[in-house]
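An overview of the molecular structure
Residue-level listing of the chains:
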Amino acid sequence: MGSATNVDQLAINTIRVLAADATAHANSGHPGAPMGMAPIAHVLFNKFMRFNPKNPKWLNRDRFVLSNGHGCMLQYALLHLYGYAVSMEDLKAFRTVDSITPGHPEAHDTPGVEVTTGPLGQGISNAVGIAMAERHTAATFNKPGFDLVENYTYCFLGDGCLMEGVSSEACSLAGHLQLGNLIAIWDDNHITIDGDTNQAFTEDVMKRYEAYGWQVLTVEDGDHDLARMEAAIKKAQEVKDKPTLIQLKTTIGFGSKQEGTHGVHGSPLKADDIKQLKEKFGFNPEESFAVPQQVYELCNKVAVSGAAKEEEWNQLFAKYGEQYKAEHDDLVRRQKGDLPEGWEKHLPTYTPADAAVASRKLSEVVLNKIFDVVPEMVGGSADLTGSNLTRWKGAIDFQPPATGLGDYAGRYIRFGVREHAMGAILNGMASYGTVLPYGGTFLNFVSYAAGAVRLSALSQVRAIWVATHDSIGLGEDGPTHQPIETLAHFRALPNCMVWRPADGNETSAAYYVALISKHTPSIIALSRQNLPQLEGSVIDKATKGGYVLHEQEGADVTLVSTGSEVCICVDAVKELAEKHNLKARVVSMPCCEVFDTQSKEYRLSVLPDGIPSMSVEPMSTLGWERYTHEQFGLNRFGASGPYKDVYEKFEFTPAGIAKRAKATVDFWKDVPNIRSPINRAFQQII
């Protein structure tokens, strides 16, 4: 690019002015980062990025992630200028209800936005996942003469992203994995909301990233020196066995009266400031949302070139299909999000005659049964492989080939002790469109990754958590490891399925629904202790989220339970009959979220009027009042000891359940016309 041409500078200043106008029009937003990062954004999109705005989902496009998502007007301006389906009216609707230009980037809202970023550090961690998915897809499908997948992942990030621990976890792993296809550009403007970063952030970031195994480069003048920006990106591309961090020293809010200060970080510019800004950059101060025709023409050339590159790729892909039909068809299928035909026939089924097995082991059986027939499943564990049982027989690790530990075609990922990064990486991998990612840890430690799980749900991605050691049943490790509030927390999260299967058939059902749900993440909570195969348990019934496991005519009470307590409830039925002369029904509720989507008629058939009900789960009772009249749970921390002793201590035994069930019957016996909690005054939106 050399020194900036007039049209280059005009394009850069157009981005700055659009950011100022949009945030002022909305009276909300962050103009500073877009104004400071406009030069590098122009260099990247004009000289390096490979994309086709008419087909934002082209597989071999380069990916762009804005990790400092508060600066999203930078991305929206770029998408508009380069011809994506983001109109000038959309820019004017910035931060308004139902616009496609929300206050932080959301992948399912805006064409051209790859991942949903907002909480700092998530975007760069997503970018690591995207780069991993690219390396795996390339290693799986590329053939001699057919480099179908060879794209870069570019990520802009700020000081806040570098401070967040999740980025450290993810970038450490990226260095180990030698992801040379990942190029991150740090907006080093020394400003956060609180002011100068010298108040809290004085470490040597470049030495840290060098220690992670990254190539580190610096551009001293990020405001003007386009030639060095271009050279830095080229140098980053040349190194194939290391990700690159480019330190770009910029001035936040460049051109504003408040440039270089925290005042321009998160507040719109005042009218007089915008006026002088436009005059300084040669724009009409009386005109808003103006784009010179030369800028549109410059950007359109890039868009046309991108469309031509996609057409070349389409021709290459067609020839690939002639020589490698199976691989071609598999890649087409994966991009649609469809699963291989008949894969579900491989899910294991069980009868009560089968042995009692821990549901974490039942999960391992499922993975072993389906890993060959669902080849897009790629995942691993946060250093708990032997406990989570997430690795199938014969699995090859996803590792840099040079290490001798595996290769990029491997499907098992060693995430290390990095739960939060694992969650964010799963989101990035899922966004790539060719893999179906999963990750394993203890259920209690999914809470470490709550930020990433929330973004999974918001992003509408299919990511699966294999969450073992799901209750006080893990025993000796004690309260620090025993989840109490975890299920209530994630059950409260919109668009997230929380499964807690009670036996083998329910475990198969959990995986079935998790895999077919293209736009919803799942947490599958699994036991450490052995569970019997239950009479009445059937995959089809369990896929409804809740069903009647044990029916009894004239029942006095309904026991509603999940996971490892369902079998105890079944035993409590006998206790109630023999010692209290009471009859009980048993409902298994492996997934409340899926149950909520069933018809009201079905839900009332499971939890009918006219009979009191009691939930049984050794965790927080919060939420169970939606389904049952009374709740038997654990609204305190657990205890350390052998699991049977812990259950005995808290009376999660047939006798303890029967005692509370009798109290439920006694309390409600004089209440006429008992209504099921399902019969609410109004139905919550699901």
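Treat the numbers as computed from the prediction; the structure is a model and nothing was measured. (Residues numbered from 1 in each chain as written. Predicted model: local features only at pLDDT ≥ 70, side-chain atom pairs only at ≥ 80, totals over all residues. Heavy atoms only, no water.)

**Describing the sheet that holds strand β1 (residues 63-66)**
Here we have five strands laid out as an open sheet, ordered β1-β2-β3-β7-β6, and parallel in their pairing. Pairing within the sheet leaves two strands with one partner each, and these edge strands are β1 and β6 (215-219). Averaged over neighbouring strand pairs, the angle between their axes works out to 20 degrees when direction is ignored. The pairing of strand β3 (residues 182-188) with strand β7 (residues 244-249) spans six bridges and is classified as parallel. Across the sheet, isoleucine 185 pairs through a bridge with isoleucine 246, a residue of β7. (Pairing = 2+ DSSP bridges. Helix = DSSP H or I, 4+ residues; strand = E, 2+ residues; numbered from the N terminus. Axes fitted to C-alpha atoms, helices over the stretch in contact; angles between N-to-C directions.)

**Quick word on the sheet that holds strand β13 (residues 497-499)**
Spatial ordering of the open sheet is given by β10-β9-β11-β12-β14-β13, a layout of six strands whose pairing is parallel. Every interior strand has two partners, whereas the edge strands, β10 (412-414) and β13, have only one. Across the sheet, the mean angle from the axis of one strand to that of its neighbour is 20 degrees, orientation sign disregarded. In this structure, strand β9 (residues 377-381) lies alongside β10, joined through three bridges in parallel fashion. Residue glycine 380 lies in a different strand from β10, and its bridge partner there is isoleucine 413.

**Section: the nonpolar core**
Membership of the largest hydrophobic core comes to 71 residues, with the highest contact counts inside it found for Met132, Trp214, Leu245, Ile425, Val453 and Ile523. Among the elements that take part in this core, helix α5 (residues 122-141) stands out by supplying nine residues, more than any other. Dropping the residues within four chain positions of it, leucine 245 is found in contact with Leu157, Ala184, Trp186, Val205, Met206, Tyr209, Trp214, Gln215, Val216 and Leu217. Counting 53 residues, the second-largest nonpolar core is a separate cluster that includes Tyr76, Tyr82, Phe156 and Val291. (Core = buried A, V, L, I, M, F, W, Y, C linked by side-chain atoms within 4.5 Å. Buried < 20%, exposed > 50% of the residue type's maximum accessible area, 1.4 Å probe, protein only. Contact = heavy atoms within 4.5 Å.)

**Some remarks on the layout of surface pockets**
By rolling a water-sized probe across the atoms, one finds the places where empty space is left. In this structure, the largest pocket spans a volume of roughly 710 Å³. Forming the boundary of the largest pocket are 32 residues, of which Lys57, Ala430, Ser431, Gly433 and Lys518 lie nearest the centre. At the level of secondary structure, the elements contributing two or more residues to the lining of the largest pocket comprise α12 (325-336), α15 (419-432), β11 (436-442) and α17 (450-459). Across the lining of the largest pocket, the residue classes break down as 10 nonpolar, 12 polar and 10 charged. (1 Å grid on protein atoms, 1.4 Å probe; cavity = no way out; pocket = protein on both sides within 12 Å on 5 of 7 lines; lining within 4 Å. Points joined across faces, edges and corners; volume = space filled by probe spheres on them. Nonpolar A, V, L, I, M, F, W, Y, C, P; charged D, E, K, R; others polar.)

**Description of the packing of aromatic side chains**
If you walk through the whole model with that rule in mind, you get 29 aromatic pairs. Ring centres 4.9 Å apart and planes at 90 degrees place the aromatic pair phenylalanine 64 and phenylalanine 156 in the edge-to-face group. Taken together, the positions of phenylalanine 64 in strand β1 and phenylalanine 156 in strand β2 (residues 153-158) put the pair 92 residues apart, joining distant regions of the chain. What makes phenylalanine 64 buried here is its relative accessible area of 4%. With a centroid separation of 6.3 Å and 90 degrees between ring planes, the pair formed by tyrosine 643 and tyrosine 647 is classed as edge-to-face. (Phe/Tyr/Trp six-rings, centres within 6.5 Å; stacked < 30°, edge-to-face > 60°.)

**So, helix α3 (residues 72-81)**
Summarising burial for α3: 10 of the 10 residues are buried, a large majority. All of the buried residues in α3 are Cys72, Met73, Leu74, Gln75, Tyr76, Ala77, Leu78, Leu79, His80 and Leu81. After α3 finishes, the residue glycine 83 shows a positive phi value of roughly 95 degrees.

**Topic: the UniProt feature "active site" (unreviewed entry) in the protein**
This chain's UniProt record puts "active site" (unreviewed entry) on Glu419. Structurally, glutamate 419 can be placed in helix α15. Discounting residues that sit within four places of it in the chain, glutamate 419 has contacts with Glu169, Ala382, Thr441, Phe445, Tyr448, Ala449 and Trp465. (UniProt positions renumbered as here; feature names shortened; annotations may be inferred.)

**Description of the UniProt feature "binding site: thiamine diphosphate" (unreviewed entry) in the protein**
In the numbering used here, UniProt assigns the "binding site: thiamine diphosphate" (unreviewed entry) feature to His70, Gly118, Pro119, Leu120, Gly160, Asn189, His265 and Phe445. Their sequence span is 376 residues, while the largest C-alpha to C-alpha distance among them is 34.6 Å; these annotated residues do not converge on one region. Here glycine 118 shows up in the loop between α4 (88-92) and α5. With respect to the helices and strands, the residue glycine 160 is situated in helix α6 (residues 159-163). Take glycine 160: its relative accessible area is 18%, and that puts it in the buried class.

**Description of the pairing of strand β18 (residues 584-588)**
Counting buried positions along β18 yields five of five residues, so the element is predominantly enclosed. Along β18, one buried face is formed by Ala584, Val586 and Ser588 and the opposite face, lined by Arg585 and Val587, is buried too. In this structure, strand β16 (residues 547-550) lies alongside β18, joined through three bridges in antiparallel fashion. Considered in β18, the bridge of histidine 550 is made with valine 586. Pairing analysis gives five bridges linking strand β17 (residues 557-561) to β18, with the strands arranged parallel. If you follow valine 557 over to β18, its bridge partner there is alanine 584. Where the polypeptide runs from β17 across helix α21 (residues 566-580) and back to β18, its parallel neighbour, the crossover connection is right-handed. (Right-handed = clockwise from strand over helix to strand, strands pointing away.)

**Points about empty space enclosed by the protein**
Inspection of every chain in the model, using the stated rule, returns three cavities of 30 Å³ or more. Considered as a void within the structure, the largest cavity measures approximately 80 Å³ in volume. Elements represented by at least two residues in the lining of the largest cavity include exactly β1 and α3. Here the lining of the largest cavity is built from residues that sort into seven nonpolar, two polar and four charged.

**What to know about the side chain of histidine 328**
Structurally, histidine 328 can be placed in helix α12. Discounting residues that sit within four places of it in the chain, histidine 328 has contacts with Phe317, Tyr320 and Gly321.

**Considering the pairing of β9**
Burial analysis of β9 places five of its five residues in the buried class, the great majority of the element. Side-chain alternation along β9 places Met377, Gly379 and Ser381 on one buried face and Val378 and Gly380 on a second face that is also buried. The pairing of β9 with β11 spans five bridges and is parallel. The residue bridging serine 381 from the neighbouring strand is glycine 440, located in β11.

**Some thoughts on the side chain of arginine 334**
Structurally, arginine 334 can be placed in helix α12. According to the relative accessible area criterion, arginine 334 is buried, its value standing at 6%. A polar side-chain atom of arginine 334 sits 3.0 Å from the main-chain carbonyl oxygen of threonine 434. Not counting residues within four places of it along the chain, the set of residues in contact with arginine 334 comprises Phe141, Pro375, Glu376, Gly433 and Thr434. (Polar contact = N/O pair within 3.5 Å; in protein donor to acceptor, adjacent residues only side chain to side chain.)

**Concerning the packing of helix α1 (residues 6-26) against helix α2 (residues 32-48)**
Direction vectors running N to C along α1 and α2 enclose 135 degrees, while the axes themselves pass 9 Å from each other. The angle between α1 and α2 places the two elements in the oblique class. Read as a crossing pair, α1 and α2 show a hand that is right-handed. Note on element contacts: α2 touches α1 through Pro34, Met35, Ala38, Pro39, His42 and Asn46, opposite Asp8, Ala11, Ile12, Ile15, Arg16 and Ala19. For the contact of α1 with α2, the per-class residue count stands at eight nonpolar, two polar and two charged. (Parallel < 35°, antiparallel > 145°, perpendicular 65-115°, else oblique. Left-handed = near helix turned anticlockwise from the far one by under 90°.)

**So, the packing of α2 against α3**
Two numbers describe how α2 lies on α3: the axes approach to 10 Å, and their chain directions differ by 40 degrees. Between α2 and α3, the angle is such that the two are oblique. The handedness of the crossing between α2 and α3 comes out as right-handed. Residue-level inspection shows Pro34, Met37, Ala38, Ala41 and Phe45 of α2 in contact with α3, the latter providing Met73, Leu74 and Leu78. Residues belonging to the contact of α2 with α3 are distributed by class as follows: eight nonpolar, no polar and no charged.

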